[in-house]
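So the chains spell out like this:
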Amino acid sequence: MKAYVIVHRDFRIADIDDRLYSSFLEHLGRAIYGGIYEPGHPTADENGFRKDVIELVRELNSPYCRYPGGNFVSAYNWEDGVGPRSERPVRLDLAWRTRESNQIGVNEFVDWCKKANTKPMLAVNLGSRGLDAARNFLEYCNHPSGTYWSDLRRKHGWADPHGVKLWCLGNEMDGPWQVGHKSAYEYGRLADETAKAMRGFDKSLELVVCGSSNSDMKTYPDWEAQVLEQCYDSADHISLHMYFANREKNTLNYLAKAEKLDRYIVTIGGVIDYIKAKKRSKKTIGISFDEWNVWYHSNQQDKEILARDEWPDAPHLLEDVYNFEDVLQVGGILNTFIRRSDRVRIACIAQLVNVIAPIMTEDGGPAWRQTIYYPLYFASKYGRGYALRLVTDGPTYDSDEADDVPYLDVSAVHDEIGKMVTLFAVNRHPDIALDLDTRLEGFAGARVVEQHEMVHSDLQATNTAAHPNAVVPTNTGDAKIEDGRLRATLKPLSYTVIRLAV
Ligand code: AHR
């Protein structure tokens, strides 16, 4: 089966914002405790951070890491996580029915970010709290000295301000499950006033307001319109979230869900333009897709843990073990973000360690890469530069999600400085290889320099502590340039990265 692509040097979508490859860590399950922090672990550093985990995070080169939640943030007192550890209160986290020891707070997190080569994207609590706690938190983090909050930070041992520039104003405030859930109008007003106060401190902050928790919410997409109506001028980005599942065990329907993601982004792009026009504004709000991933493997286990009448410390919540099929889904999601990089400026995989995460750990034991680690790794490594607008033609299929879904899901990025073009391709076809035939325009003398392929005979194959390399990429494939065209065989249900020197 043939699939045609035209890659033209001048057909650009956008200069991809590096923050597309960001991540997320919440005080949830074993993300923090047992994930990034485990004093007593054989690899723990002087601060109790697991060095094996830091290594794997560094390899992902994730520009920003969102923290501390998630649903957790909506009842969180940031002050509980600062000051002498022995004096920090143990609290009940209402979002995940967990005991929170507060042994990690914002200062430790900022330290960890430096070690992991990432930057903090902090969320303020607009659920149980509001403007005042938010502005104090900001001053504590970012003011150099000479005020109550900045001197308190210094007293706690952090003399230099943290300089956090990217802030989320609450989390999923449209969700009835959220502590302090609000109507769109209530939230929009609060976000606007909070943004104004935060900008009173520092005009250059980048502020993210809450959009819908997913595109199946009853209030979607009116929520976005109403929220932006209230705070378009004071916000920089609107946040979207989406999780993917294959509960029906139907691979083609599952892989078509990237189409739903695409529609979600396009729809909110339209809402942004509508409010922009209404406000007679010059500014275009961006999309911060700050929670996305596959999430369903752990649902049953989570139900059982949450049904217990207990408040455990760091329970095994949301510990999805990803399979090979999820590699194809994550590859497709990242392709969608690259193709929509004119709208999506920030995206955070949710989450980073143990909790629906590309990195898994065992308490006291090893850390390893889950299957989905690899498409994220490749996109972050090679997906920086200009996203190219491709022209494609090939076979399609109808699914529950959408009709005419192409079997070939492809994106391409031109790194002008490194003089490279990278194609990321998923063949969604269950049993037929696609003969990729790509016309290269404006890239005379292009050469194939690298190929990575992920294929597996078992869609359910996983990586585990005992078998961490059951699903890994290989440097295989037959990509070649012939008469100025890139030709390659994309195996059935495969993820392929082809790199061209141009
Ligand atoms: O990432 C897990 C949870 O999913 C987050 O806490 C919440 O924001 C979303 O519903």
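Predicted, not measured: the structure shown is a model, and the values here were computed from it.

Here is what the cut-offs are and how they apply
Residues numbered from 1 in each chain as written. Predicted model: local features only at pLDDT ≥ 70, side-chain atom pairs only at ≥ 80, totals over all residues. Heavy atoms only, no water. UniProt positions renumbered as here; feature names shortened; annotations may be inferred. Helix = DSSP H or I, 4+ residues; strand = E, 2+ residues; numbered from the N terminus. Buried < 20%, exposed > 50% of the residue type's maximum accessible area, 1.4 Å probe, protein only. Near = heavy atom within 4 Å. Polar contact = N/O pair within 3.5 Å; in protein donor to acceptor, adjacent residues only side chain to side chain. Nonpolar A, V, L, I, M, F, W, Y, C, P; charged D, E, K, R; others polar. Pairing = 2+ DSSP bridges. Axes fitted to C-alpha atoms, helices over the stretch in contact; angles between N-to-C directions. Contact = heavy atoms within 4.5 Å. Core = buried A, V, L, I, M, F, W, Y, C linked by side-chain atoms within 4.5 Å.

Engineer: Account for the UniProt feature "domain: Alpha-L-arabinofuranosidase C-terminal" (unreviewed entry) in the protein chain, with residues named and values stated.
Structural biologist: Sequence positions flagged by UniProt for "domain: Alpha-L-arabinofuranosidase C-terminal" (unreviewed entry) are, in local numbering, residues 290-494. The distance from the first to the last C-alpha atom of residues 290-494 is 27 Å, and the span holds 17% helix and 34% strand.

Engineer: Mind laying out the environment of E482, listing which residues take part and the relevant values?
Structural biologist: Mapped onto the secondary structure, E482 falls in strand β23 (residues 480-482). In this structure E482 comes out as partly exposed when scored by relative accessible area, which is 31%. Between the alpha carbons of E482 and D437 there is a distance of 9.8 Å; along the sequence they are 45 residues apart.

Engineer: Just give me the short version of the site of the ligand, but keep the residues and values in it.
Structural biologist: Residues in contact with the ligand amount to 13 residues; listed here are only the nearest, E26, N71, E172, Y243 and E291. The backbone of N71 places a nitrogen or oxygen atom 2.9 Å from an oxygen atom of the ligand. Side-chain polar atom of E291 to an oxygen atom of the ligand: 2.7 Å apart, as the coordinates give it. Class assignment of the residues belonging to the shell around the ligand gives a composition of six nonpolar, four polar and three charged.

Engineer: Describe the sheet that holds strand β24 (residues 485-490), naming the residues involved and giving the relevant values.
Structural biologist: Spatial ordering of the open sheet is given by β16-β1-β21-β24-β23, a layout of five strands whose pairing is mixed. Strands with a single pairing partner mark the edges of an open sheet, and in this sheet they are β16 (391-393) and β23. Direction aside, the axes of adjacent strands within the sheet are offset by 25° on average.

Engineer: Any details on the pairing of strand β21 (residues 434-441)? Residues and values, ideally.
Structural biologist: Successive residues of a regular strand alternate their side chains across the two faces of the sheet. Relative to β21, strand β1 (residues 2-8) is paired through seven bridges, and the arrangement is parallel. Paired with V7 across the strands is L440, a residue of β21. In the sheet, β21 pairs with β24 via six bridges, with the strands oriented antiparallel. Residue D435 lies in a different strand from β24, and its bridge partner there is T489.

Engineer: I'd like to hear about the side chain of R88, residue by residue, with values.
Structural biologist: Examined against the element boundaries, R88 turns out to sit in the loop between β4 (64-67) and β5 (91-93). The class for R88 is buried, based on a relative accessible area of 7%. In terms of polar contacts, R88 uses its side chain to reach the backbone carbonyl oxygen of Q103, at 3.3 Å. One polar contact links R88 to E108, side chain to side chain, over a distance of 2.8 Å. Once residues within four sequence positions are removed from consideration, R88 is found in contact with D80, G81, V82, G83, S101, N102, Q103, I104, G105 and E108.

Engineer: How would you explain unusual backbone geometry if you had to name every residue and give the values?
Structural biologist: Across the junction of Y67 and P68, the peptide omega takes the value 5°, indicating a cis bond. Relative to the elements of secondary structure, P68 occurs in the loop between β4 and β5. Cis rather than trans, the peptide bond between G69 and G70 has omega equal to 15°. Tracing the chain through its elements places G70 in the loop between β4 and β5. Positioned with a positive phi, R280 is a non-glycine residue whose angle comes to about 55°. Assignment of secondary structure puts R280 in the loop between α8 (257-278) and β11 (286-294). The residue D404 is not glycine, and still its phi comes out positive at about 55°.

Engineer: Break down the nonpolar core for me, citing the residues and quoting the values.
Structural biologist: If you look at the biggest cluster of nonpolar residues, it comprises 151 residues, and the most contacted ones within it are W112, W167 and F289. It is helix α10 (residues 324-339) that provides the largest number of residues to this core, a total of eight residues. Not counting chain neighbours up to four residues away, the residues in contact with W112 comprise L25, I36, F49, I54, V57, C65, T118 and L352. Formed by eleven residues, the second largest nonpolar core is a distinct cluster that contains M121, I346, C348 and A350.

Engineer: Would you mind going over helix α2 (residues 106-116) in detail, with residue names and values included?
Structural biologist: Of all eleven residues making up α2, eight are buried, and the element is well covered by its neighbours. All of the buried residues along α2 are V106, N107, E108, F109, V110, W112, C113 and A116. On the buried face of α2, the contacting elements are α1 (51-60), β4, β7 (119-124), α3 (131-142) and α4 (148-155). Following α2 by one or two positions, N117 adopts a phi angle in the positive range, close to 60°.

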